[in-house]
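Overview (structure and organization)
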Amino acid sequence: MAFLGSAVRRVVLAARPPLSPLCRTSTRSYSTEQTKEKNVPYEKTLKQDEGVSSGPTKPLPRSADAVVIGGGSLGCQTVYHLAKMGMTNVVLLERDRLTAGTTWHTAGLLWQLRPSDVEVELLAHTRNVISKDLEEETGLHTGWIQNGGLFIASNKQRLDEYKRLMSLGKVYGIESYVLSPAETKDLYPLMNVDDLYGTLYVPKDGTMDPAGTCTTLTRAASARGAMVIENCPVTGIQVRTDDLGVKRVKAVETAHGTIETPCVVNCAGVWATKLGEMAGVKVPLIAMHHAYVVTERIEGIQNMPNVRDHDASVYLRLQGDALSVGGYEQNPIFWDEVSDKFAFSLFDLDWDVFMQHIEGAINRVPVLEQTGIKSTVCGPESFTADHKPLMGEAPEVRGFFLGCGFNSAGMMLGGGCGRELAHWIIRGRPEKDMYGYDIRRFHNSLTDNARWIRERSHESYAKNYSVVFPFDEPLASRNMRKDPFHQVYEKFDLFDPFKDVLTEQGCVFQERHGWERPGWFNKDGPAPVKDYDYYGAYETKKNVNYKYNELLGKEYTFDFPPHHDVIKSECLSCRHGVAVFDMSYFGKFYLTGPDAKKAADWLFTADVNKKPGQCVITLFSHLITHFLLFSRASGDAYYLAIGGGVAEHNWNHIRTVLQDQGFHCHLTDFSEDMGMISIQGPKSRAVLQEVLDTDLSNEAFPFSTHKVVNAAGHQVRAMRLSFVGELGWELHIPKDSCLPVYNAVMAAGAKHGIINSGYRAIDSLSIEKGYRHWHADLRPDDTPLEAGLAFTCKLKGSIPFQGRDMLEKQKKEGLKRKIVCFTIDEKVPMFGLEAIFRNGVPVGHLRRSDYGFFIDKTIGYGYIRNPDGGVVSADFIKTGEFTLERMGVTYKAKAHIRSPFDPENNRVKGIYA
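Residues numbered from 1 in each chain as written. Predicted model: local features only at pLDDT ≥ 70, side-chain atom pairs only at ≥ 80, totals over all residues. Heavy atoms only, no water.

Some points on the overall build of the protein
Selection criterion: Numbering goes from the N terminus for both helices and strands, where a helix is a DSSP run of H or I of at least four residues and a strand is a run of E of at least two. Values of the radius of gyration come from C-alpha atoms, whereas the globule rule sets the reference at 2.2 Å times the count of residues to the power 0.38. Throughout, exposure labels follow a simple rule: accessible area from a 1.4 Å probe, protein chains only, divided by the maximum for the residue type, with under 20% read as buried, over 50% as exposed, and the rest as partly exposed. Only heavy atoms matter for contacts: two residues are in contact if any of them lie within 4.5 Å across the pair. A 1.4 Å probe and the Shrake-Rupley method give the accessible areas. Residues count as covered only by the protein chains that appear here. His residues and chain termini do not enter the charge count, which takes Lys and Arg as positive and Asp and Glu as negative. Just so you know, the charge point we use is NZ for Lys, CZ for Arg, CG for Asp and CD for Glu.
Along its length, the protein carries 19 helices and 40 strands. On C-alpha atoms alone, the protein measures out to a radius of gyration of 28 Å, which is about the 29 Å that the 2.2 N^0.38 rule sets for 913 residues. The dimensions of the protein, computed from C-alpha atoms along their principal axes, are 85 × 70 × 65 Å. Taken across its 913 residues, the protein has 61% of its residues classed as buried. Pairs at least 24 apart in sequence give 74% of the contacts found in the protein among residues at least 6 apart. Within the structure as shown, the protein displays about 34500 Å² of accessible surface, and the carbon and sulfur contribution to it stands at 50%. For the protein, the distance from the average site of its 105 positive side-chain charges to the average site of its 111 negative ones is 4 Å.

Below is the structure:
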């Protein structure tokens, strides 16, 4: 019998053959033969018995309202929720038997706490479905076991992270406790606690059974009229082109018949990319080997909680009287040659790769060193560039939905995500803020870029158990999209090139949507981003003297980062002098055509019927904040400047609305063709008056207007706007003119002390002023009224717009939730997710927080509810005593009805005391 301890020693002593760079891939063998050494630990699987007919288990219908492809966790959850929401003419197609791909061998863990409020809600729904709803509906037990979860912390930073989760959990009523090493030993006597800093115990975490869960889900769906057909591989997706040139799903083809349908849901897991190709849809995921081992019986392990020891990169899942041991390594094996015949199959375990998890497991539970290995479980899983699922309607084909790429979390996220997919399909949008999972979060230039998919997926996999710090950035596949200020330009003399203008000035870049954008400016010189080194895995040479990575590492803290004073300097230079911000990553779209005005009226909440030269700050009908910039050429034309991180999402949303409403107009993307700099601060007028050939006085160039002007001999569009709360202008510049204009601005500003500033400063300055950020202060599940943005809505007029009825109803009934600004006097950092208490009762959590250097306080914004279900009025806010809980410590907070900085908006008007 093999023992875990001897396995470690054997691997350490074994000679290791050299690996080719970047891969251990297609030469790996797999077997469909079930053996003791290679088998899942579940008593029951749904593998088809030998000799059973391989044809479809039911005749195929001629048509369906939706066809879900893939009978794993997500497919079963999706068809269940579709049927439950009333779409009963729905079909699930599985090429083999339910769970045959990756679900059958999953560990089935469910942890309730994550560093995301949306994920906490998704997990809560899964838990309710598995532990309660299905049993009530069917009378069947899904196999749910509530044995609790234990998170191990070997250092202060890790325990701080867990304390953040604990504070967020209080808002959602999730029971959790921080335990000392001694208390942990009492709870889990077999555990080594000598090297522990502490633990987080969540009593109501648990485990799920794949076969039991999927069987019960499909039985409940079938009872409502859904049809589940196994042994029916899909061979093609028919796509039609409508009269407007829009591609739409038409039918699903199989060897046993064709089903006409307007909707396909791709829940094919590892095989989702191949299914997408059938319809011309890009599915950016990659397959990897993912493994765990199952031990022999361990005396005293019964009823112990599941364990996640992130610092050792290992989890321990209770398996009756044994443990399943697995984790995430830095050198996972890619499965490049995905086989269509792989069903209820496992790979041979590569002990070279897996060894690190055994070492961590033995350290944590020493009895494992003398415990036998009952079986190994190494199967394929799909992984994505940011370790988040791929969901929503594909940009390429209407009616083709994604529910795949779940990064080994399909069981625990399945219930919540299945419900959101059902909402998406039936109602056109999810109920929750699913932007972090929406396929449209990725720019279209990246989703079929093999290097980007491989590198990013590897890094996300390798860092899955890393502490989630507020200011972390990826190292993989950087410099994919660079604006004109972040490119090397050469003089006529090839031996005397210009340098990258921002990098040379110490710019520390952030990555957003593939773009490199300025984060902050390091005073110790350049810190360029290098090519990805796979953290030294696959015999790739690891980057040395990597200044950018060193700067990132110094920011791995839940205290104020070491560059706090640098951010402060950038902020206060803007408040007292003048700063220039490179905002070129913004999306820059033109909406034109005969129906452009009709489309703008319907799409945007604000009244866009303005005179030429006006700027309009508005919201989308989809509740996405952006600037709408209005101009007229020959007919109606609208220029839209949209935050770069959501530009692709917004582009696709606008296009979808234009298609659905039948508007005859065109949306054109000029994002790559233009740069954008914002010059802000009390001295901005003095600087720009030397550069622009127009009068910049308040009378000649009021706030929220724009003009086409000349700057250093180049034509630009100047807009008097601000996202930091100061006097300032944005310059929208043709690509080839960017550097000359930038150089002219910097030259004119030299005597005024002009500096470069980045988005870390914008984050601080904007929250200080009370300006909202998309996906933090504003999300699709918020309304403009709740967000304090009623001024952006044309409710006083009669012009219809998408969402108007709902806003009028909400205005009449009163707000049950509302965003509120909080400040604290203590000099401690907050980053969002901190719990908000009113009179000792949890009423919400911070969505976003930062330090306001001008008012010298920590500021946070969060939505609060009345625990009695009543209206959140101004009096409710004014009469409450508020506290904020940060990592288990409470701080007295002051609630503000208006922004504590310049509430009269004098500074943006150029009025300085």
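So, next bit.
Things to note about the sheet that holds strand E32 (residues 714-719)
What counts here: Only strands that DSSP links by at least two bridges are regarded as paired with each other. Helix axes are fitted to C-alpha atoms over the stretch in contact, other axes to C-alpha atoms as well, and angles between N-to-C directions run from 0 to 180 degrees.
With mixed pairing, six strands are arranged side by side in an open sheet as E31-E32-E33-E30-E24-E34. The sheet is open, and its two edges are formed by strand E31 (706-711) and strand E34 (755-757), each paired on a single side. On average, each strand axis in the sheet is inclined to that of its neighbour by 30 degrees, with strand direction left out of account. Note: E31 against E32, six bridges, orientation antiparallel. When the sheet's bridge partners are listed, His706 is paired in E32 with Met719.

A look at the sheet that holds strand E7 (residues 198-202)
Pairing within the open sheet is mixed, and its eight strands lie in the order E6-E7-E5-E15-E16-E17-E14-E19. On the outer flanks of this sheet lie strand E6 (177-179) and strand E19 (373-384), each paired with one strand and no other. Pairwise comparison of adjacent strand axes, ignoring direction, gives a mean angle of 20 degrees for this sheet. Relative to strand E17 (residues 322-326), strand E16 (residues 314-319) runs antiparallel, the two sharing five bridges.

Comments concerning the pairing of strand E3 (residues 90-93)
We count it as follows: Crossover handedness is defined by viewing with both strands directed away from the observer: a clockwise path from the first strand over the helix to the second marks the crossover as right-handed.
On E3, burial covers both faces: Val90 and Leu92 on one face and Val91 and Leu93 on the other are all buried. As judged from the four bridges shared by strand E2 (residues 66-69) and E3, these two strands associate in the parallel manner. Bridge pairing links Val68 to Leu92 in E3. With respect to chirality, the unit in which E2 leads through helix H2 (residues 73-84) into the neighbouring parallel E3 is right-handed. Relative to strand E9 (residues 227-229), E3 runs parallel, the two being bridged by three bridges. Following the sheet pairing, Val91 is matched in E9 by Met227.

Details of the packing of helix H3 (residues 117-138) against helix H9 (residues 410-427)
The cut-off we apply is this: Roughly parallel means an angle under 35 degrees; roughly antiparallel, over 145; roughly perpendicular, 65 to 115; everything else is oblique. Under this grouping Gly is polar, as are all residues other than the nonpolar Ala, Val, Leu, Ile, Met, Phe, Trp, Tyr, Cys and Pro and the charged Asp, Glu, Lys and Arg.
Running from N to C, H3 and H9 cross one another at 100 degrees; their axes reach a closest spacing of 7 Å. Between H3 and H9, the interaxial angle falls into the category roughly perpendicular. For the pair formed by H3 and H9, the contact residues are Leu122, Leu123, His125 and Thr126 on the first element and Met411, Met412, Leu413, Gly414, Gly415, Gly416, Cys417, Arg419 and Glu420 on the second. Its residues assigned to classes, the contact of H3 with H9 shows six nonpolar, five polar and two charged.

Remarks on the state of the cysteines
Keep this limit in mind: Counting rule for disulfides: a pair of cysteine sulfur atoms within 2.5 Å.
According to the stated counting rule, one finds zero disulfides in the structure shown. This cysteine, Cys214, is not joined by any disulfide, and Cys76 carries the nearest cysteine sulfur, 4.0 Å off. Free cysteine Cys793: the closest other cysteine sulfur is in Cys615, separated by 19 Å.

A word on the pattern of salt bridges
Inclusion rule: Salt bridge criterion: a side-chain nitrogen from Lys or Arg within 4 Å of a carboxyl oxygen from Asp or Glu.
Taken as a whole and judged by the stated rule, the model has 48 salt bridges. When the shortest N-O distance is used, the salt bridge between Arg419 and Glu420 registers 4.0 Å. Linked by salt bridges that have partners in common, Asp117, Asp433, Arg779 and Asp781 make up one network.

Thoughts on the environment of Phe876
With respect to the helices, strands and loops of the structure, Phe876 is situated in helix H19 (residues 874-878). Assessed through its relative accessible area of 8%, Phe876 is described here as buried. With 11 residues separating them in the primary sequence, Phe876 and Arg865 have C-alpha atoms 9.9 Å apart. Those residues in contact with Phe876, other than ones at most four positions away along the chain, are Arg838, Ile864, Arg865, Asn866, Pro867 and Val871.

Looking at the packing of aromatic side chains
Stated formally: By convention, a stacked pair of Phe, Tyr or Trp rings (six-membered ring in the case of Trp) has centres within 6.5 Å and planes under 30 degrees apart, an edge-to-face pair has planes over 60 apart, and any other such pair is tilted. Our definition puts a charge over a ring when NZ of Lys or CZ of Arg is within 6 Å of the ring centre and also within 35 degrees of the ring normal.
For the structure on display, the rule yields 33 aromatic pairs. With 5.9 Å between their ring centres and 85 degrees between their planes, Phe701 and Trp729 make a pair best called edge-to-face. In this pair, Phe701 is assigned in the loop between helix H15 (684-689) and E31 and Trp729 in strand E33 (residues 728-734), connecting sequence segments 28 residues apart. Both residues of the pair, Phe701 and Trp729, count as buried. The aromatic ring of Phe901 is capped on one face by Arg575, whose charged end is 3.9 Å from the ring centroid.

Regarding the UniProt feature "domain: Aminomethyltransferase C-terminal" (unreviewed entry) in the protein
Here is the rule we go by: UniProt positions are given in the numbering used here, feature names are shortened, and annotations may be inferred rather than shown by experiment.
In the numbering adopted here, UniProt assigns the feature "domain: Aminomethyltransferase C-terminal" (unreviewed entry) to residues 817-901. Along residues 817-901 the backbone is 6% helical and 54% strand, and the end-to-end C-alpha distance reaches 23 Å.

Section: the side chain of Thr792
Assignment of secondary structure puts Thr792 in the loop between helix H17 (759-769) and helix H18 (804-813). Setting aside chain neighbours within four positions, we find Thr792 in contact with Thr605, Ala606, Ile617, Thr618 and Leu619.

Concerning unusual backbone geometry
In most cases, non-glycine residues show a negative phi, while peptide bonds are predominantly trans. Look at Phe344: it is not a glycine, yet its phi comes out positive at around 50 degrees. Along the polypeptide, Phe344 turns up in the loop between E17 and strand E18 (346-347). Here Asp856, not a glycine, exhibits a phi torsion of approximately 60 degrees, which is positive. Assignment of secondary structure puts Asp856 in the loop between strand E37 (841-852) and strand E38 (857-865). Among the residues examined, Asp856 registers a relative accessible area of 39% and is labelled partly exposed.

Brief notes about the UniProt feature "domain: FAD dependent oxidoreductase central" (unreviewed entry) in the protein
The positions that UniProt labels "domain: FAD dependent oxidoreductase central" (unreviewed entry) are, in the present scheme, residues 428-481. End C-alpha to end C-alpha, residues 428-481 measures 31 Å, and it is 24% helix and 0% strand.

What about the environment of Gly681?
Structurally, the position occupied by Gly681 is in the loop between strand E30 (674-680) and H15. Of the residues examined, Gly681 reaches a relative accessible area of 0% and is grouped as buried. Along the sequence, Gly681 and His576 sit 105 residues apart, while their C-alpha atoms lie 6.6 Å from each other. Contact partners of Gly681, with chain neighbours within four places excluded, come to Cys574, Gly577, Val578, Glu726, Leu727 and Tyr912.

Overview of helix H14 (residues 647-661)
Here is the rule we go by: Take the residue count of a helix, subtract one, and multiply by 1.5 Å to get its expected span.
Spanning 15 residues, H14 covers 21 Å between terminal C-alpha atoms, matching the ideal 21 Å at 1.5 Å per step. Extensive coverage of H14 is indicated by the burial of 12 of its 15 residues. Those residues of H14 that fall on the buried side of the exposure criterion are Ala647, Glu648, His649, Asn650, Trp651, Asn652, His653, Ile654, Thr656, Val657, Leu658 and Gln659. Directly beyond the C-terminal end of H14, a positive phi value near 70 degrees is found at Gly662.

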